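# Descriptive structure summary
Next come the chains, spelled out residue by residue.
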Amino acid sequence: QVQLVESGGGLVQAGGSLRLSCTASGRTFSDYAMGWFRQTPGKEREFVAVISWRMSVLYYADSVKGRFTISRDNAKNTVYLQMNNLKPEDTAVYYCARAFGSNYPQVLPSDYDYWGQGTQVTVSS
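Residues numbered from 1 in each chain as written. Predicted model: local features only at pLDDT ≥ 70, side-chain atom pairs only at ≥ 80, totals over all residues. Heavy atoms only, no water.

## Quick notes on the sheet that holds strand 1 (residues 4-7)
- Within the open sheet, the 4 strands sit side by side as 1-3-8-7. Their pairing is antiparallel. Strands with a single pairing partner mark the edges of an open sheet, and in this sheet they are strand 1 and strand 7 (68-73). Sheet twist, expressed as the mean angle between neighbouring strand axes with direction ignored, is 15°.
- Relative to strand 8 (residues 78-83), strand 7 runs antiparallel, the two being bridged by 6 bridges. Its bridge partner lying in strand 8, Phe68 is registered against Met83. (Pairing = 2+ DSSP bridges. Helix = DSSP H or I, 4+ residues; strand = E, 2+ residues; numbered from the N terminus. Axes fitted to C-alpha atoms, helices over the stretch in contact; angles between N-to-C directions.)

This is the structure we're talking about:
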């Protein structure tokens, strides 16, 4: 059984920064790619970023390239999302998730088997 818990969301002004954290239970964290998604009411869950378990290869959605950075600390079972130069359209609930399989980069929600409860990010203009 795997449990993922996100933290670090909040309210910021456009151009500001937030750092999200996702901590996982268990000791197999480093064996899986980890991703971040976001979702607003009435819209599909949107891929944001993923980091592989081998050599920590990074992959980002075009909408966040150059602004967001995904990283992981395997010793702490934690994945991070550093969000800089935030825009109002970044407002959403952000979810971390654990991927399965070997079809990296995993960019579909169906590529993930465990999800956190989400953390709210609100960016004011």
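Moving on, there is more to tell.
## Some remarks on the nonpolar core
- Of all hydrophobic cores here, the largest spans 33 residues; its most connected members are Trp36, Val48, Phe68, Ile70, Leu81, Met83 and Tyr94.
- When contributions to this core are tallied by element, the ones reaching two or more residues are strand 3 (18-24), strand 4 (34-39), strand 5 (46-51), strand 7, strand 8, strand 9 (92-99) and strand 11 (119-124).
- Discounting chain neighbours no more than four positions away, the residues touching Val48 are Trp36, Phe37, Arg38, Tyr59, Tyr60, Ala61, Val64, Phe68, Leu81 and Tyr94. (Core = buried A, V, L, I, M, F, W, Y, C linked by side-chain atoms within 4.5 Å. Buried < 20%, exposed > 50% of the residue type's maximum accessible area, 1.4 Å probe, protein only. Contact = heavy atoms within 4.5 Å.)

## Focus on the pattern of salt bridges
- The final tally for this structure, using the stated rule, is 5 salt bridges.
- Residue Arg38 pairs with Glu46 through a salt bridge whose shortest N-O separation is 3.0 Å.
- Relative accessible area serves as the criterion here: at 5%, Arg38 is assigned to the buried category.
- Two residues, Arg98 and Asp113, come together in a salt bridge whose shortest N-O distance is 3.0 Å. Pair noted here: Arg98 is in strand 9 and Asp113 is in strand 10 (residues 112-115), with a separation of 15 residues, a long-range link.
- Given a relative accessible area of 10%, Arg98 falls into the buried group.
- A residue is classified by how much of its surface remains accessible, and Asp113, at 34% relative accessible area, is partly exposed.
- Among the charged side chains, a salt-bridge network with shared partners connects Arg38, Glu46, Arg67 and Asp90. (Salt bridge = Lys/Arg side-chain N within 4 Å of Asp/Glu carboxyl O.)

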